[in-house]
Amino acid sequence: MKVGIVGAGMVGSSAGYALAVMGLASSVVLVDQNHDLAVAQAEDIAHAVPFLSSTIVEAADYVGLAGASVIILAAGVSQKPGESRLALLERNAAVFKDVVGNVLAVAPDAILLIASNPVDIMTQITQRISGLPANRVIGSGTILDTARFRSLLGRHLGISPQSVHAYVLGEHGDSEVLAWSNAKVGSLSLADIAAQVGSPITEHVRATIDDGVRNAAYKIIKGKGATYYGIGAGLARIIKAIAQDQHDVLTVSCVTPEIVGVKDVALSIPRVVGAQGIETDLMPDLVSAERDGLEKSARLLKDSVESIRL
């Protein structure tokens, strides 16, 4: 599989590095308006490859994306300290109009994987601009938030996060919903596993984990300016599901015909991902507070995207 990455900044290069060292692609092509940056990132990543895989990593212009099966869109302006993801909307929408046109001119059959924030709105904008079926325009969505949720739950319980089955739904951002009610470890509910391992999940524990998930990006941005390793690995994980046709359940974003009464909005719920992109949506059972939170998140995103003129 050939994978293209538009935007060779920290997110795009981290995704390229993860793809290369995991050997998930036969080739990775980086494109950036700063060609020198794309060349430098490609060279640096390529020098790591001999230790771990045989992926070819190179820089090119848009023509070099021809034949790519998946193209990551990580272009756009960076999030500033204290800036909400939704505040990025107007600045990044303009960038994508040019990027998507250039990409589809050379790779009309590619699956587009959106990483730029605010990712749910950029996913919906990309689907509008491209005219592609919704299942072929995938946002990274809450895949990273879900990983953070599982990591913090696993840390509290002393369990590997890979054995924790819990999801973050809705917006990748301030209105996201942690689905506590259906979280499990193995086949056990959180209450059962917490009792068995002697680590109760109190209201204080819930509040601490919620804060750790919901505000992680702001804390990281304050300390080092941007987040990139986590989302880079998350993007590689999505591509693995596509490349190997794994039919994996991942919390990714795409334009959804209807969700909790809100029509035509991009947000994250668990979805089956395989070679054709998103194959099936899996709407989880939620308690009323979680359902209300998801509806609020969906309406916020819907109102935001409808304000954009393309």
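Everything numeric here is computed off the predicted structure, so don't read it as measured data.

Conventions we followed
Residues numbered from 1 in each chain as written. Predicted model: local features only at pLDDT ≥ 70, side-chain atom pairs only at ≥ 80, totals over all residues. Heavy atoms only, no water. Core = buried A, V, L, I, M, F, W, Y, C linked by side-chain atoms within 4.5 Å. Buried < 20%, exposed > 50% of the residue type's maximum accessible area, 1.4 Å probe, protein only. Helix = DSSP H or I, 4+ residues; strand = E, 2+ residues; numbered from the N terminus. Contact = heavy atoms within 4.5 Å. Arc of directions from axis to C-beta. Polar contact = N/O pair within 3.5 Å; in protein donor to acceptor, adjacent residues only side chain to side chain. Salt bridge = Lys/Arg side-chain N within 4 Å of Asp/Glu carboxyl O.

Caption draft 1: Spatial organisation of the nonpolar core. In terms of nonpolar packing, the biggest core is built from 42 residues, with Ile-71 and Leu-73 touching the most fellow members. Put simply, the parts of the chain that give this core at least two residues each are strand E2 (27-31), strand E4 (70-73), helix H3 (89-106), strand E5 (111-114), helix H4 (119-130), strand E13 (262-274) and helix H10 (288-306). Sorting elements by how many residues they give to this core places H3 first, with seven residues. Setting aside its immediate chain neighbours within four residues, Leu-73 contacts Val-6, Phe-96, Val-99, Val-100, Val-103, Leu-113, Ile-114, Ala-115, Ser-116 and Thr-126.

Caption draft 2: Looking closely at helix H8 (residues 216-224). By the burial criterion, the buried members of H8 are Ala-216, Ala-217 and Ile-221. Buried residues along H8 cover an arc of 125° about the axis, so they all sit on one side. Exposed side chains of H8 directed beyond 90 degrees from the buried face belong to Lys-222 and Gly-223. Directly after H8, the chain includes Gly-225, whose backbone phi takes a positive value near 95°.

Caption draft 3: Highlighting the side chain of Arg-271. Looking at the element boundaries, Arg-271 is found in strand E13. Residue classification places Arg-271 among the buried residues on the basis of a relative accessible area of 0%. A distance of 2.9 Å separates a polar atom in the side chain of Arg-271 from the backbone oxygen of Val-252. In this structure the side chain of Arg-271 is engaged in a polar contact, spanning 2.8 Å, whose partner is the side chain of Asp-281. Beyond its immediate chain neighbours, meaning those up to four positions away, Arg-271 contacts Asp-248, Val-249, Leu-250, Val-252, Ser-253, Cys-254, Thr-256, Ile-278, Thr-280, Asp-281 and Leu-282.

Caption draft 4: Seen up close, the pattern of salt bridges. On inspection of all chains with the given rule, the structure shows seven salt bridges. One salt bridge connects Glu-295 with Arg-299, and the closest N-O pair in it is separated by 3.1 Å. Of the two residues, Glu-295 and Arg-299 both sit in helix H10, four residues apart, roughly one turn of that helix. Glu-295 sits in the partly exposed class, given a relative accessible area of 27%. Residue Glu-306 is joined to Lys-302 by a salt bridge in which the shortest nitrogen-to-oxygen separation is 3.5 Å. Of this pair, Glu-306 and Lys-302 both sit in helix H10, four residues apart, which is roughly one turn of that helix. For Glu-306, a relative accessible area of 49% translates into the label partly exposed.

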